[in-house]
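Next come the chains, spelled out residue by residue.
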Amino acid sequence: MKYIRQFAIILTISFLGELLNQLLPLPVPASIYGLVMMFVCLRTGIFPCEAVKETGTFLIEIMPLMFIPAAVGLLTSWPRIRTIFVPCVVITLVSTFAVMAVAGITTQLVIRHGKEAEEDE
């Protein structure tokens, strides 16, 4: 029953993200609205992390399975993709390294800021 309650919380937040996506005329995906709402709910204590922890961990563990249908879809579309394969690979590699670099720099800045805040206290 605990897992059903946790999954219901996650689904409710996701549904509210979908509603916001339909109501607000902003070019923001519904999943981003849901992530922000989940973050706010967890940070403000609307519900504690334990209220979704086990189900969230399970969903993260099975995430690779969710990519199988997309990969099969790419394989069935190979004749159309073949003509743009090289540009797609280049764009994917460049964007992957750019995201890794930005994430690494951001993480280092956050860690430094945290250490400075601890030293000031």
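Our structure's up above, just so we're on the same page.
For clarity, every value in this text was computed on a predicted model and none was experimentally measured. (Residues numbered from 1 in each chain as written. Predicted model: local features only at pLDDT ≥ 70, side-chain atom pairs only at ≥ 80, totals over all residues. Heavy atoms only, no water.)

**Description of the overall build of the protein chain**
Looking only at helices and strands, the protein chain features seven helices and zero strands. Secondary structure elements in the protein chain, listed N-terminal to C-terminal, are α-α-α-α-α-α-α. Over its C-alpha atoms the protein chain spans a radius of gyration of 19 Å, topping by over 25% the 14 Å that the globule rule assigns to 121 residues. When burial is assessed residue by residue, the protein chain has 14% of its 121 residues classed as buried. Put simply, 51% of the contacts in the protein chain that link residues at least 6 apart link residues at least 24 apart. Side chains of the protein chain carry 8 positive and 9 negative charges; the gap between the two charge centres is 14 Å. (Helix = DSSP H or I, 4+ residues; strand = E, 2+ residues; numbered from the N terminus. Rg over C-alpha atoms; globule rule 2.2 N^0.38 Å. Buried < 20%, exposed > 50% of the residue type's maximum accessible area, 1.4 Å probe, protein only. Contact = heavy atoms within 4.5 Å. Lys, Arg positive; Asp, Glu negative; His and termini not counted. Charge placed at Lys NZ, Arg CZ, Asp CG, Glu CD.)

**Considering the nonpolar core**
Ile9, Ile10, Ile13, Met37, Met38, Cys41, Phe47, Ala51 and Val52 form the largest nonpolar core, which has nine residues in total. Listed by contribution, the elements that provide at least two residues to this core are helix H1 (2-23) and helix H2 (30-44). Sequence-distant contacts of Met38, defined by excluding residues within four places in its chain, comprise Ile10, Ile13 and Phe47. (Core = buried A, V, L, I, M, F, W, Y, C linked by side-chain atoms within 4.5 Å.)

**Here's the deal with the state of the cysteines**
Simply put, the disulfide is a covalent bond whose two ends are the sulfur atoms of two cysteines. Counted according to the given criterion, the structure contains zero disulfides. Note on Cys49: no disulfide assigned, nearest cysteine sulfur contributed by Cys41 at a separation of 13 Å. By relative accessible area, Cys49 is classed as partly exposed at 42%. (Disulfide = S-S within 2.5 Å.)

**Things to note about the packing of H1 against helix H3 (residues 53-61)**
At a minimum axis distance of 8 Å, the contact between H1 and H3 shows a crossing angle of 75°. Looking at the two axes, H1 sits roughly perpendicular to H3. Contact residues: Lys2, Tyr3, Gln6, Phe7 and Ile10 in H1; Lys53, Glu54, Thr55, Gly56 and Leu59 in H3. Of the residues that constitute the contact of H1 with H3, the class distribution is four nonpolar, three polar and three charged. (Axes fitted to C-alpha atoms, helices over the stretch in contact; angles between N-to-C directions. Parallel < 35°, antiparallel > 145°, perpendicular 65-115°, else oblique. Nonpolar A, V, L, I, M, F, W, Y, C, P; charged D, E, K, R; others polar.)

**Topic: the layout of surface pockets**
Here the largest pocket is characterised by a volume of approximately 260 Å³. As for the largest pocket, its lining consists of Ile10, Ile13, Ser14, Ala30, Ser31, Gly34, Leu35, Met38, Leu42 and Leu59. When contributions to the lining of the largest pocket are tallied by element, the ones reaching two or more residues are H1 and H2. For the lining of the largest pocket, the leading source of residues is H2, giving six residues. A class-by-class count of the residues in the lining of the largest pocket yields seven nonpolar, three polar and no charged. Residue lining of the second largest pocket: Gly56, Thr57, Leu59, Ile60, Met63, Met66 and Phe67, and that is the complete set. Sorting the residues of the lining of the second largest pocket by element identifies H3 and helix H4 (63-66) as the ones contributing at least two each. (1 Å grid on protein atoms, 1.4 Å probe; cavity = no way out; pocket = protein on both sides within 12 Å on 5 of 7 lines; lining within 4 Å. Points joined across faces, edges and corners; volume = space filled by probe spheres on them.)

**Some thoughts on the pattern of salt bridges**
Applying the stated criterion to the full structure yields one salt bridge. The residue Glu54 makes a salt bridge to Lys2 at a minimum N-O spacing of 3.8 Å. Linking Glu54 in helix H3 with Lys2 in helix H1, this pair joins segments that are 52 residues apart in sequence. (Salt bridge = Lys/Arg side-chain N within 4 Å of Asp/Glu carboxyl O.)

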